[in-house]
Each structure stands twice: as C-alpha cells, then as structure tokens.
Amino acid sequence: MSETALTSSKPKNSLLSQALPYILAVLAAFLATGIFLWLAGFDVLRAYQTILFTSLSSRNGFIQTLLKFVPLVLTALAFTIPSKANKFNIGSEGQLLLGATGAVAVGILFADLPSIILIPLCLLAGIICGGFWALVPAWLLYRFGINEILSTVLMNFISFQVIDYVATEIWRDPLAGHPTTIAIGENAELPLLVSSPPLHSGIIIVLIVAALVYFYTDYTSAGYELVATGSNAKAAKVYGINTRVLFVLALVLGGAMGGLAGAIEVTGNHHRLIEGMQSNFLPLGIIIGLLSRGNHAAIPFVAFFIAVLEVGASALQRTMFIPVELVFIVEALILIFVLLSDFVRRK
Amino acid sequence: MDFELIIGFAGLVFLAMVPYIFAGLGTMLAGQTGLFIVAQEGIMLTGASIGFLGAYWTDNLFVGVLTAIVAGGLFGLAFAFFTTTLNMNQFVTGLALFFVGLALSTLIFKLAIGVTLTPPLVPTLDKLPIPLLSQIPVVGDILFNQNIFVYLSLLLSGALYYFLYRTSYGLELRSIGENPKAADSLGINVKRGRYFAAIGGAMLISMAGVFLPLVYTGTFTEGITQGRGWLAIALTFFGGWRPHTIFIGALFFAAVDVFALRAQVFGGGIPHQFLLTMPYIATLLIMVFGSRWVRVPTFLGQNYDREKRSV
Amino acid sequence: MPKDIVLEMQNVSKRFGSVIALDDVNLSIQKGEVHGLLGGNGAGKTTLMNVLYGLYQSDAGQVRLGGEPISVHSPKDAINSGIGMVHQRFLQINRFTVTENIVLGTDLQNWPRLNLDTAKEKINELGERFGLPVDPDAILSDLPMGVRQRVEILKALYRGVQVLVLDEPTTNLTPQEVDALFESLRVMVDDGLSVIFITHKLREVLEVCDRITVLRHGKNVLTMEREDASEEAFVTAMVGSDLDVESSIIFSSEQLEKTIGDVGQDTILEVADLTVGEGELVGVKSCSLTLHAGEILGVAGVSGNGQLELIEGILGLRPVHGSVLMQGTDVSTLETHEILKNSVAYVPEDRWQDGFLPTANVAQNLILGLHRQAPYSDGRLLQRHTILDRSNQLIEEFNIKTPGAQDTAGNLSGGNIQRVMLARAFSLPVDLLLIHNPTRGLDIPSMEFVYKKILERKQEGMATLLISENLDELFLLSNRIMVLCNGEQMGELQRGSYDKYAVGRMMSGVRQSE
C-alpha cells in the first residue's frame, strides 16, 4: 500500500459516478413498467410525460407537489432516525394518524385560543401523540426485547380503529359520507404562503426539522452514538454507550416525526381528521429513507422526486385511467434496482 | 353458554385458523433455512387478487388456487434470487416485495375489472363433510364438516413436521438455518435449500391469501388481509418456528379473530372499534409472554456468502 | 525411503479484490505423514486449505489426488475425493446432537423415519479406534471445546477421509489436551491417513510433524523434513526480511529481561473478592488481583473460563459483587462510560462482536468510546477536522491498510481490524489497559509491533491486564501470570518460574499446590 493512498482524502468517486446507479435504477424501473404498460395497451410515452411533467409544468401541479413533499419528508425521517440505530419503525402510519388525532383534539377543544398559541399547541399535541404511539413498541423492546418491526406494524392496525372511533363517535361530521371529524377552529390553521392554490407554511417547518435532524445525526456526539449503536450495538455497549435507552429515544423521535406529519396535515391541509388520510405515506417514507441510504442530507431531494412521481400518478389516473398503484410499483422497482446496484458495484 | 353455540364457535375457529396456518407454515419453512421474509402481507394480497381473478374468469375455484400458488412461487423466487444469489439485505428485500405486492394486487384487479358498481363475485367454497367421521358427535361437526382448505391445512402441518424432523432432508434444511457455513462445509447445497424453502414458503403464504376471497368474501377488496400477513410473522415467532406449535398458535389467533367478530353481535355497548383491535393487542401481549420460549433459527435473516472473508 | 504422494497442489493462486492471498503455491503431501503448514497470520495457510476444500475457488493452479487432477468446486467435491477439514472456528450446529452433526449431509435411512442407530455405532467405533471418545447423543452446545474438536475430527473420519486438514487445532486446548490430540494424529497416520497441520506455532510443528512447508506473504518459502531442519531455519523462513530477528522481542528476549522487572509502587487496579454475574450465570467467583503502575499481569486459561466475564465485570458491563478500585476509588457501581473515562482502554477479544463498527467508517471506528472526550469532541459536538487528522495519523502509525479514514470499515481484513482496535486503545495515554488476545490474527512483525507498544507504555507507567490464550505471549510479556478455570483463580506464577505444564494443569482445574 503506497503512502499516498493512505493519506489521500480525495473522495474515491466523482459525483457523477455516485449518481449513476440512481439514474440507471430510475431508467430501469421506468423501462420495466413501460413494458408492462405497453402490453396492457396504454400509450407509454404519454403516460410517462404525465408522470414526470405534471408537477413541473403548472403552478397548481407544483404546489400539489410541495404539499405531498411535506408529509413525505417527515414519514421518511420517522423511518430513518430509528434506522440509524438499526431499529425499524414501520409504524409511521399509525404515528401520523395519532398525531393527527392529537392535533384535531386540541384544534377542536381549544378553538378559541389565539393562533400564536393554538398552532404550536396543535403541533406539539401531534408530536406527543406520535411519540407516544412509538413509545409503546419502544417500551416493549426495552422491557421485554420485543422485535420493533412487528410491534410498530401492529400499532398501525390499532390506530385505524382509534381514528375510526374518533371520526364516527366523538367528533363525527354528520354531513360527510366517509368517517370524518368536524373541522378544527380557524385559529388552528397554519398560515398560508400562497393563497391560490393554497400552500401552507408547513413546508418551512419541515425544512427546518430536516436540517436539525441532519445536524443531530452527523455533527454531534449524541448522533455519533446513534450511528455506532446502529452499526454494532454490542460494541457500542462495550464502549460505554447506553444502547437500550438509545433505541427508545430513536424510536420515539421517529414517532414524533410521524406525529408531526399528522399534525401538519391536519392544521395545514385537511383541517380535520379523515379516515384514510395516511394515504401511502408509510411505504413511500420507507422507500425515501432506503433510497437515501442513511444520508440525512439527501432526504429532502429524494422526497421531492417521489412527490413529483406521486402528483404525476394522480394525474395519470384522472387523464388516462391508469390506477395510481402503477407509479407505486415504479417506486418500489427503483428501490429494488438501487439495491441491486450495490451488488453490481461489489462485483 | 349454549352448547350449539360453542360447537359453532369451534367450527368457525378451525375455519379462521386456515390463513394463519398457511402463512405461518410458509414463513416457518423459509425461516428454517435462515430466510426471514417480511413480505407476507404483500404476497397474501397478490395471492388473493390474482387467485380471485383466476377463479372468476374460469369459474373454477381450483384454478384460482393454482394461480395464487404460481404467483406466490414467483414472489418466493424473487426473494430467493435477491437475497441468496445477489446477497441483498433480507429485511429490505422483503419490504420492497411487500410494497410490490401491495400495489400489484390492487393494480391488477383494477385493470382487469375496471370500475363497477357491484363487485364481481365467485361462489364461495362449499363444505366437504368427510363421510363417517363427520357423524362423530361434537368433534365431527367441528373438525370433519369443513371445507377442503381446513383438511389441507391440518395435513400440511403434519406433513411438514414429518419432513423437517423425521427425515434427513429436513435435518439438512434445518442445518442451513442453524449454520449455513457448517452445512456448506458438509456438502449441503445452501442456495438450493434456500430457493426451495423460499419458493415453497411463499406458495403457502399466497394460499393463505387466496383463501380469503374464495372462502370468506367471494370477492377481492383492497386490504382484504387486514394485517394477517404481519400477524402470521408474530405467530411464527410465537410458535417457535415449528409446525406443531404454529398449529396451536394459529388456533389461538383464530379464536381471538372469531371472538372479536362475535362480540360485535353480542357486544353489549362496547364500541366495535375496540373489539376489532383485539387481535393486534392480543398479539402484542403474546409477544411479551411468548418471548420466553421463542427459539429462532440461529441464522435467521442472515445471508451466506461462501467467499466472504471473516476473521 | 520415499513415500507415495497422495495429494499435490500445483501453482495455486488466489486473489481477493486487489489483495493477492496466494501466489503460485505448491504443496505435496505423502501418504501416512503429518505435514506441517507453517506461517504467520496472513501468510495464506488457511486460504490455501480453503481452496483445497472447495470453499474458495482458485484463480489458477490445480489439485492432483493420487496423481490424477481433480476439480474441487465445493466442499462436496472435496469430501467425495476423501479430503476432510477441521476449521479453526468449528463449523458445528450447536442445537444438534453429536450424531446429527457428524452424519449431516451423508446418505441416511429415511423410511419410515430417520434412523441414526447404525451411525451411532460407527461413531462409537471410530472414537475407540482413534482415541476420540464422545457421547453420540449429547447436544453440541453442552460440550467443552476439547470434545467439540473430537466431534470435528470424527466428522471427517466418518466420511472416510484420506487427507485430513486441521486448521490451528491447538488454539483452545490445554497443553495436556494438545498432547492427547497429537497421539490421536499418530494413530491416524499409522492407519495410513495423511494429516495437514496448519499452525503459526513453531514448537508444535517441530513436535508432531514429519515434513514442514513454510508460507510467507502467500508464497512458498521452503519444504523440509523435520530431521533436516533447525529452529532458526524456520524462523528465518517465516519472518524473512520483515523483521530483524536479532533485535526482536519475540525471538531474542534478553533485552526485554533487563527492563521487564521495573514496576512502580502505585496501585492502579485493585480487585477484591469479585464475583461477576448472578445465579446460574456466575462467570467469575471471588477473584482478587492487584495491578501496579508499569506492571503486566497475565491471565491464562482455556477460552470461556471467565476471562471475558472478568474484564466485563471490571468495565461495568455485567453485574458484580465485591469491589473494583481504580486508583483508590471504587468503580464497581459506575456505568461503563464513567469507568472508561477513568483513563482506561480496552481491546476486546471478539473484535467482530465487541469492538468493531462494520458499517461506519474507519475514523468513526477509531473514536468509539472516545467520542465524548477531548480532542474528538467538546462533549456535545464532534470535532470533525481533529478526528480526521488524528485518524490519518493512526492509520499511518499502525499501518492500517485502507484507502482512507472515511472508507467503510467493513472493507478491512481481519488483521487490519485488529490494528484499528489497537490504534484506538493506544491513541490516548491511559493508566490502565485491559487487553484480550491482542495479537490474534496478526502476522509476526505486527505482533512484534504490538508488544513494543505495550512495553513502551509500560515504561511510562501504564498497568496492563493481559488476557491471552497464547502461553508464549504470556510467558514473554507478563510479570506474573494467574490462571483461571471455571471462573476461579487456580493459582499464580512469578516470572522466572513459568512452566507450561504447571499452567496447563491449572487450566484444566487443578489448583496450584503451595
């Protein structure tokens, strides 16, 4: 081994060669889906045009994209923060719903408080409820060593019943045909950045939170402990890191992210609790997290890309009657192909 | 309680047990070779969707089951290929396949059926009383007056137990999950064993899925599995990764299921939402108490690469 | 009288990525001989045998058995050709019985159900013939290391091997067990088998082998009859020009003897009546020891006799009764991170499990445990530039072979991971070093380097608790040696009165007589 190689601090690969596997994965996923679409008799080019350019070609589409972007970043963080410690939170769905429930409760019960107090209160309620929903599996892990993957998933199914109860028994909106609560007080609504089409200020909160998380995991000693624990919990423990507490912390922080996502969806977007409002944020958040490969600086960019695809998917369904699930398959395929590129690089 | 009611309840439990047994045994079979699949929910949904369509188009439930098995086999093949041949992380691969199955099931159904006001239906599977045995009082009604899925699930539990614990093939298969390097060093083909178990396991999981439209509802709906795929994973852990204990676990899960449904009828004022959370809460509790006797294959979830240098 | 050649490996080469592990290696084995394959760690001994056994595919070269070229693509091919291997880390299934482990993968009677009775008879018979008694129905995880090794050998004999490869078979054995193993090997070669004996311990090779091949840096150095060879010839062959044998600590320790006795007055570590673990899980029973500044206390014992528990008890990783005084303060109730802050460094035995972060980068590995201390952190924020600079220094000083401090640590080879463990322990000055099997996996020049580092710090007053399964290492470096068996102290020897068999007796549970 030469001396220069040992002391070299230059990155091994250029930016392009690092981005290449991602580009190839996206192309491969579109190609595979294209073949499927072609076989099913659709106009493939028009479909892809719709998917890729809807959000960028109109003001409305762009704002739709930003609105999707907000919960996607947060549900991605809900997955990636615990995954830094090698714990897997598959429960951001439930955490989001509970966070939404918390925000709705505060927004309805204290509707008369001034905005300056009520909005932070709603968001805080969301964070606490989401964090609590993750605390249950975290405690089961801490106390009994229960695998968090299963318990976080099961908490999702429980949350469906919780919000069904809230939306049909407690604050039911009798005019809605679908389980929905009445609206929160106007003072609880997030201020708008753009009024038509409406874009709420949640996006600012999300960007700040994402930056804070990045700082925490990459620049602090506490974040280092998270990374060390995730890499090898036994070794981390041997060298004095309290790994069991860190697992709890990481899961609860993740849950708080999910809860915040729910609270922002309520205060910014729907202004009420709607059954099904979790959409497919859980799998998308996981896909974004896995695509970012633990790099918290990358998450907003990946989330934006996925938001673009998702807005395209809705347009696809409206104009070409191709089910939205098609785009979801594209996204899952991108994930698989990106993982595949690891294998190719190893060889 | 009424005696008739208890027999009826027990009969329903044995019916509700079927998807748990199939999915649990499938998970277990793959797990015995060290493959940890978490795509159950996706595989079951795809099995349900494609299996239903197969039955709907051909008017033949058997064809439906067969299509579901083939679809499941493809998932198993993909899982084995990604993890065993390409050495990709098992958990992440499982998640990705879960997503694919989740989307694929709905996509194919929507593309095939389109938007309809009345859901497409197939006649659900009839009971198939076994001559003589079904005449036995009580036991006959519970055990031998069921549909063919129930018998199949019982037979399968026994057959898998025999295969895994009473033959040398089972010994070899289990050795792969306990220590693939040791198995490999004795000339056992680790990859082949894992491919076999993944494909077979996923086929069983898919059968658990197709059971739901063909026996319960007569049609496919989004989210028809209601988390049973995830519960099956919990069940497999709780069942100690062995066929006979998985059978017992499946009975318990089914009993909770049936009880939760029944209780809605006799509910006595308890909101039905709370009753419907019972299976999940029961599972969480089971995991707490079951963690004492859980016995997981040593190499569960770990890939094996012969030429990887370690130490 | 020339014997028949059973097995030949000709011009074998193998590379892993950019690392050349084997370079044109030749080896020929005669019928009925014990053939020693000698070399330091990383010399390519195990890689060569893994090629022979079909676990690795060679890039070039061929294998001939009885004169005919054979192709070995998997262990199955090797077994069918009559080649058996006992790996250094036993490849066993802990939950299976002895019989199940042995018969796994052979043809068995399956109908109406699996029948192992004939297999058990054969195992008993083989055990008697070769002096390797085992209980066929015992569960593997219940057996001690010595017996587990017999199971591994029986596995090969059961399959009717012609050539048996033993990879570092003496690692976990007491000197007495080693003698028994050597006797069994004699029985086997008298029976017409050939044995390839891989080791880095020169003395064992001279004791049991008929012919010896030395490898260095993946190349053949020499092959000699035992009678023709002197010890010096092998030492030179093993280390080559990598090490100046004359001034080396390992091979000429006169220099060392002059300074090793310098021990300070201050008590650094005082353990009194320490019991580690609770109930059934007691790992160490009322152990007492004192360690002064500049002193090296060796701890001998067969692996798994309380060494790990002792260290982890001292470090606060396991529940303890009794007292642990570090420079006068009782630390037995403190958390691990508080104890480590007390100027303590630790090199764990199981670097994979207890010391290494595979998915983190090299720099992150080098600061594990120091990540809240100056200069790497101000307590809250990481000092990223300092960490990088310091890591690059350590990489150079400890000769860690990596593309850079920010490269993933998982790409490192075993020896380099050990260097990371050591670099971490020596990166900041400490008063107490707890070090467990520090040179496992290192080549001879690196061992020399580690010993020098330890002695250097000893001169500066660092106290060292050196736990090792390598008696040579303990005899070389320790001021005193205590022996553990079943978590109990069996006795203690002073430098000058070290005796391999005395230690061996204590290792197998016989208390030292006063």
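Rules behind the numbers
- Residues numbered from 1 in each chain as written.
- Chains lettered and ligands numbered in written order.
- Predicted model: local features only at pLDDT ≥ 70, side-chain atom pairs only at ≥ 80, totals over all residues.
- Heavy atoms only, no water.
- Helix = DSSP H or I, 4+ residues; strand = E, 2+ residues; numbered from the N terminus.
- Rg over C-alpha atoms; globule rule 2.2 N^0.38 Å.
- Buried < 20%, exposed > 50% of the residue type's maximum accessible area, 1.4 Å probe, protein only.
- Contact = heavy atoms within 4.5 Å.
- Areas by Shrake-Rupley, 256 points an atom, 1.4 Å probe, with all protein chains shown as cover.
- Lys, Arg positive; Asp, Glu negative; His and termini not counted.
- Charge placed at Lys NZ, Arg CZ, Asp CG, Glu CD.
- Patch = residues over 30% accessible without salt bridge, like charges linked within 9 Å, V, L, I, M, F, W, Y side chains within 5 Å.
- Salt bridge = Lys/Arg side-chain N within 4 Å of Asp/Glu carboxyl O.
- pLDDT = per-residue confidence, 0-100.
- Buried area = accessible area lost by both parts, 1.4 Å probe.
- Polar contact = N/O pair within 3.5 Å; in protein donor to acceptor, adjacent residues only side chain to side chain.
- Nonpolar A, V, L, I, M, F, W, Y, C, P; charged D, E, K, R; others polar.
- 1 Å grid on protein atoms, 1.4 Å probe; cavity = no way out; pocket = protein on both sides within 12 Å on 5 of 7 lines; lining within 4 Å.
- Points joined across faces, edges and corners; volume = space filled by probe spheres on them.
- Core = buried A, V, L, I, M, F, W, Y, C linked by side-chain atoms within 4.5 Å.
- Pairing = 2+ DSSP bridges.
- Expected span 1.5 Å × (residues − 1).
- Axes fitted to C-alpha atoms, helices over the stretch in contact; angles between N-to-C directions.
- Disulfide = S-S within 2.5 Å.
- Parallel < 35°, antiparallel > 145°, perpendicular 65-115°, else oblique.
- Left-handed = near helix turned anticlockwise from the far one by under 90°.

> Go over the overall build of chain C, please, and point to the residues and values.
Each helix and strand counted, chain C has 18 helices and 20 strands in total. For 514 residues, the compact-globule estimate of 2.2 N^0.38 gives 24 Å, and the C-alpha radius of gyration of chain C, at 24 Å, lies within 12% of that figure. Based on the C-alpha atoms only, the size of chain C along its principal axes is roughly 65 × 50 × 50 Å. A burial count over chain C gives 57% of its 514 residues as buried. Intrachain contacts of chain C at a sequence separation of at least 6 include 66% that bridge at least 24 residues. With the model as given, the accessible surface of chain C reaches about 20900 Å², and the carbon-plus-sulfur share is 47%. In chain C, which carries 46 positive and 70 negative side-chain charges, the distance between the mean positions of the two groups comes to 4 Å.

> Let's hear about the side chain of A:Ser55: which residues, and what values?
Following the sequence through the fold, A:Ser55 ends up in helix H3 (residues 44-57). Not counting chain neighbours up to four residues away, the residues in contact with A:Ser55 comprise A:Gly61, A:Phe62, A:Thr65, A:Val308 and A:Val311.

> Which residues make up a nonpolar patch on the surface, and what values go with them?
All names here are of chain A. Together, Leu109, Phe110, Ile116, Ile117, Leu121, Leu124, Ile127 and Ile128 make up a nonpolar patch on the protein surface, roughly 750 Å² of accessible area in all. For the nonpolar patch, the element with the most residues is helix H6 (residues 115-144), which contributes six residues. Looking at the element boundaries, Ile117 is found in helix H6.

> Residue-level account of the pattern of salt bridges, with values.
Where charged atoms of side chains with opposite charge meet at close range, the side chains can pair. All names here are of chain C. Taken as a whole, this structure holds 26 salt bridges over all chains when the rule is applied. For Glu33, the salt bridge goes to Arg211, with nearest N and O atoms at 3.1 Å. One end of the pair, Glu33, is in the loop between strand E2 (19-30) and strand E3 (34-38); the other, Arg211, is in strand E9 (residues 211-216), and 178 residues separate them in sequence. Between Arg318 and Glu312 there is a salt bridge, with its nearest N and O atoms 2.9 Å apart. For Glu312, a relative accessible area of 4% gives the class buried.

> Account for the confidence of the model for chain A, naming residues and giving values.
For chain A, the mean per-residue pLDDT works out to 91, and 95% of the residues sit at or above 70. This stretch, residues 1-12 of chain A, has a pLDDT under 50; its non-local contacts, to residues over four places away or in other chains, come to 16 contacts.

> Talk me through the interface of chain C and chain A; I want residue IDs and the actual numbers.
Contacts between the two partners involve 39 residues from chain C, matched on the other side by 27 residues from chain A. Buried area between chain C and chain A, both sides added, is near 2800 Å², and the carbon and sulfur share of it is 54%. Taken together, chain C and chain A are joined by two salt bridges. Across the salt bridge formed by A:Lys234 and C:Asp354, the nearest N and O atoms sit 2.9 Å from each other. At the boundary of chain C and chain A, one finds 18 residue pairs in polar contact (both at pLDDT 80 or more). Elements with a minimum of two residues in the side of chain C that touches chain A: helix H11 (336-341), strand E16 (344-347), helix H12 (351-354) and helix H14 (384-397) of chain C. Of all the elements, H14(C) adds the most residues to the side of chain C that touches chain A, at four residues. Among the residues making up the side of chain C that touches chain A, the classes are represented as 17 nonpolar, 13 polar and nine charged.

> Could you give an account of empty space enclosed by the protein, naming the residues involved and the relevant values?
Scanning all chains against the criterion turns up four cavities of 30 Å³ or more. One number sums up the size of the largest cavity: a volume of about 100 Å³. Taken together, 13 residues line the largest cavity, and the ones lying closest to its centre are B:Leu186, C:Tyr53, C:Met85, C:Lys155 and C:Ala156. Of the residues assigned to the lining of the largest cavity, the class counts are seven nonpolar, three polar and three charged. There is about 60 Å³ of room inside the second largest cavity. For the second largest cavity, the full set of lining residues is C:Gln88, C:Phe90, C:Met145, C:Gly146, C:Gln149, C:Glu168, C:Pro169, C:Thr171, C:Asn172 and C:Leu173. When grouped by side-chain class, the residues that make up the lining of the second largest cavity number four nonpolar, five polar and one charged.

> I'd like to hear about the nonpolar core, residue by residue, with values.
Counting residues in each nonpolar core, the largest one holds 396 residues, and the members touching the most others are A:Leu77, A:Ile90, C:Leu7, C:Leu48, C:Met49, C:Leu157 and C:Ile196. At 16 residues, helix H1 (residues 3-32) of chain B tops the list of elements feeding residues into this core. Setting aside anything within four residues of it in sequence, one finds C:Leu157 in contact with C:Leu126, C:Phe130, C:Leu132, C:Met188 and C:Leu193.

> With reference to specific residues and values, describe the interface of chain B and chain A.
Contacts between chain B and chain A engage 40 residues on the former and 38 residues on the latter. Regarding the contact of chain B and chain A, the summed buried area is about 3600 Å², with carbon and sulfur atoms giving 87% of it. Summed over the shared surface of chain B and chain A, the result is one salt bridge. Salt-bridge contacts for A:Glu325 lead to B:Lys110; the nearest nitrogen and oxygen are separated by 3.2 Å. There are three residue pairs in polar contact (both at pLDDT 80 or more) connecting chain B and chain A. Secondary structure elements with two or more residues in the side of chain B that touches chain A: helix H3 (61-85), helix H4 (90-113), helix H10 (228-238), helix H12 (272-276) and helix H13 (278-290) of chain B. Among the elements that line the side of chain B that touches chain A, the one with the most residues is H4(B), at 13 residues. Its residues placed into classes, the side of chain B that touches chain A shows 27 nonpolar, ten polar and three charged.

> If you had to explain the pairing of strand E19 (residues 480-485) of chain C to someone new, which residues and values would you point to?
Consecutive residues of a regular strand have side chains that alternate between opposite faces of the sheet. Residue and element names in this part refer to chain C. Of all six residues in E19, six are buried; the element is thus mostly enclosed. Note that strand E13 (residues 296-300) and E19 share four bridges and pair parallel. Across the sheet, Ala300 pairs through a bridge with Val483, a residue of E19. Examined bridge by bridge, E19 and strand E20 (residues 488-494) share six bridges and lie antiparallel to one another. Counterpart to Val483 in the pairing with E20 is Gly491.

> Talk me through a positive patch on the surface; I want residue IDs and the actual numbers.
Taken together, the side chains of A:Arg143, A:Lys237, A:Arg244 and B:Arg292 make up a positively charged region of the molecular surface. Within the secondary structure, A:Arg143 sits in helix H6.

> Account for a negative patch on the surface, naming residues and giving values.
Negative charge collects at one region of the surface, where C:Asp117, C:Glu121, C:Glu125 and C:Glu128 lie side by side. For C:Asp117, the position within the fold is in helix H4 (residues 117-130).

> Please set out H4(B) residue by residue, giving values where relevant.
Given 3.6 residues to a turn, an α-helix orients residues that are three or four positions apart in the same direction. Residues and elements named next belong to chain B. With 24 residues, H4 should cover 34 Å at 1.5 Å per step; its first-to-last C-alpha distance of 34 Å lies within 8% of that length. Counting buried residues in H4 gives 19 out of 24 residues, a clear majority hidden from the surface. Structurally, the start of H4 carries an N-cap: the backbone nitrogen of Phe91 is 2.8 Å from a side-chain oxygen of Asn89. Among the residues trailing H4, Gly114 stands out with phi positive, at a value near 75 degrees.

> With reference to specific residues and values, describe the sheet that holds strand E12 (residues 284-292) of chain C.
Residue and element names in this part refer to chain C. The strand order across the open sheet formed by four strands is E12-E11-E14-E15, and the pairing between neighbours is antiparallel. This sheet does not close on itself; its edge strands, each paired only once, are E12 and strand E15 (329-330). Pairing analysis gives two bridges linking strand E14 (residues 320-326) to E15, with the strands arranged antiparallel. By the bridge assignment for E15, Leu325 is matched with Asp330. Its contacts with the sheet put helix H10 (residues 307-314) on strand E11 (267-276), E12 and E14, and the angle it makes with E11 is roughly 115 degrees.

> Describe the state of the cysteines, and please don't skip the residues or the numbers.
Residues and elements named next belong to chain A. Per the stated rule, a full pass over the model turns up zero disulfides over all chains. As a non-bridged cysteine, Cys122 has Cys129 as the owner of its nearest cysteine sulfur, 11 Å distant. According to the relative accessible area criterion, Cys122 is buried, its value standing at 0%. On the basis of relative accessible area, Cys129 is assigned to the partly exposed category, the value being 23%.

> Quick one: what's the story with helix H9 (residues 221-231) of chain A, residue by residue and with numbers?
Counted residue by residue, H9(A) has ten buried out of eleven residues, so it is predominantly covered. Taken as a whole, H9(A) has its buried residues at A:Ser221, A:Gly223, A:Tyr224, A:Glu225, A:Leu226, A:Val227, A:Ala228, A:Thr229, A:Gly230 and A:Ser231. The inward-facing, buried residues of H9(A) abut helix H4 (59-84), helix H8 (202-219), helix H10 (233-238) and helix H11 (243-270) of chain A together with helix H13 (362-366) of chain C.

> Can you break down the packing of H4(A) against helix H13 (residues 299-320) of chain A residue by residue, with the values?
Residue and element names in this part refer to chain A. Between H4 and H13, whose axes approach to 8 Å, the crossing angle comes to 130 degrees. When the axis of H4 is compared with that of H13, the two are oblique. Crossing handedness for the pair H4 and H13: right-handed. Facing H4, whose interface residues are Gly61, Phe62, Gln64, Thr65, Leu66, Lys68, Phe69, Leu72, Val73, Ala76, Leu77 and Thr80, H13 presents Ile299, Pro300, Ala303, Phe304, Ile306, Ala307, Val308, Glu310 and Val311. When grouped by side-chain class, the residues that make up the contact of H4 with H13 number 15 nonpolar, four polar and two charged.

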